[in-house]
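Here is what each chain is made of, one letter per residue.
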Amino acid sequence: MKKSLTLLLIAIASVLMMPSCNRTAKTGNDSEVTSVDSPLRKEYIKVYDDDADPVVQIDEAVAEAARSGKFVICQVGGNWCPWCLMFADYISNDSEINGIIEENFVYTHINVRHKDPETGKNVTYSEAMEKLGSPERFGFPVFVVLDGNGKVLHFQDSSFLEEGEGYNKEKVLRFFNSWTPAAVTGANKK
């Protein structure tokens, strides 16, 4: 029993120490534990359209990918998630990463939640999450790679792209380069 309790406490501590959005440590007064110069305190552009229908966004991205021979990357999260906004800012400000995305992907930000007009409570867009294979289990942001037919090819847990209080360029590049259409189909092999 003592060994089971110890393992349970270790597992809980591990989850609480992970930096992704829905695992951020909190103090007793509900403020995030970050350093003064933390990128988590920076103001970022809100990239998720709170009024968009995510099912329509996914369908439009898949149609564009089919026309262009690209894949889709759905960055699932929300404007409430500092790690989601930080990632959007990070990739838009790095020309090498941005070039790979532009050349190979239709990139869309899928809002995981919306306010229910009747209750005012946040609820999950369950139809969109089903269409994407229920990626919310990985935390936020989570990236879903789709082909031009809308088939889910890969889920990318963002915690594997993080380093400290930010993102690691080498890891981010490896993710994007590993899921380009050429990499998946083997067209870039000689």
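See the structure shown above.
Residues numbered from 1 in each chain as written. Predicted model: local features only at pLDDT ≥ 70, side-chain atom pairs only at ≥ 80, totals over all residues. Heavy atoms only, no water.

**Structural notes on the overall build of the protein chain**
Next up, step 1: In terms of regular secondary structure, the protein chain is built from seven helices and eight strands.
Next up, step 2: Here the protein chain holds 190 residues, and the buried ones make up 41% of them.
Next up, step 3: When the accessible surface of the protein chain is summed, it comes to about 11,100 Å², and 53% of that surface belongs to carbon and sulfur atoms. (Helix = DSSP H or I, 4+ residues; strand = E, 2+ residues; numbered from the N terminus. Buried < 20%, exposed > 50% of the residue type's maximum accessible area, 1.4 Å probe, protein only. Areas by Shrake-Rupley, 256 points an atom, 1.4 Å probe, with all protein chains shown as cover.)

**Some points on the nonpolar core**
Next up, step 1: Residues Cys74, Val76, Phe87, Leu132 and Phe176 are the most contacted members of the largest nonpolar core, which totals 43 residues.
Next up, step 2: Among the secondary structure elements, those contributing two or more residues to this core are helix H2 (54–68), strand S1 (71–77), helix H3 (82–92), helix H4 (95–104), strand S2 (105–111), helix H5 (126–131), strand S5 (142–146) and helix H6 (169–178).
Next up, step 3: A per-element tally of this core places H3 first, with six residues. (Core = buried A, V, L, I, M, F, W, Y, C linked by side-chain atoms within 4.5 Å.)

**So, unusual backbone geometry**
Next up, step 1: A cis amide bond, omega -5°, links Phe140 with the succeeding residue Pro141.
Next up, step 2: The topology assignment puts Pro141 in the loop between H5 and S5.

**Brief notes about the side chain of Asn111**
Next up, step 1: Looking at the element boundaries, Asn111 is found in strand S2.
Next up, step 2: Engagement of the side chain of Asn111 in a polar contact is seen with the side chain of Asp50, the distance being 2.9 Å.
Next up, step 3: Among the polar contacts made by the side chain of Asn111, one reaches the main-chain amide nitrogen of Arg113 at a distance of 3.4 Å.
Next up, step 4: If near-sequence neighbours (up to four positions away) are discounted, Asn111 is found in contact with Tyr48, Asp49, Asp50, Pro54, Gly77, Gly78, Trp80 and Tyr125. (Polar contact = N/O pair within 3.5 Å; in protein donor to acceptor, adjacent residues only side chain to side chain. Contact = heavy atoms within 4.5 Å.)

**Considerations on the sheet that holds S2**
Next up, step 1: The strand order across the open sheet formed by four strands is S2-S1-S5-S6, and the pairing between neighbours is mixed. Two strands lie at the open edges of the sheet, namely S2 and strand S6 (152–157), each paired on one side alone. If you compare each strand with its neighbour and ignore which way they point, the axes differ by 20° on average.
Next up, step 2: Relative to S2, S1 runs parallel, the two being bridged by seven bridges. (Pairing = 2+ DSSP bridges. Axes fitted to C-alpha atoms, helices over the stretch in contact; angles between N-to-C directions.)

**Looking at H4**
Next up, step 1: Every buried residue of H4 is listed here: Ile97, Ile100, Ile101 and Asn104. Each buried residue of H4 lies within a common arc of 95° when the element is viewed along its axis, so the set occupies one face. H4 presents Ser95, Glu102 and Glu103 as exposed residues on the side facing more than 90 degrees away from its buried surface.
Next up, step 2: Contact partners of the buried residues in H4: S1, H3, S2, H6 and helix H7 (181–185). (Arc of directions from axis to C-beta.)

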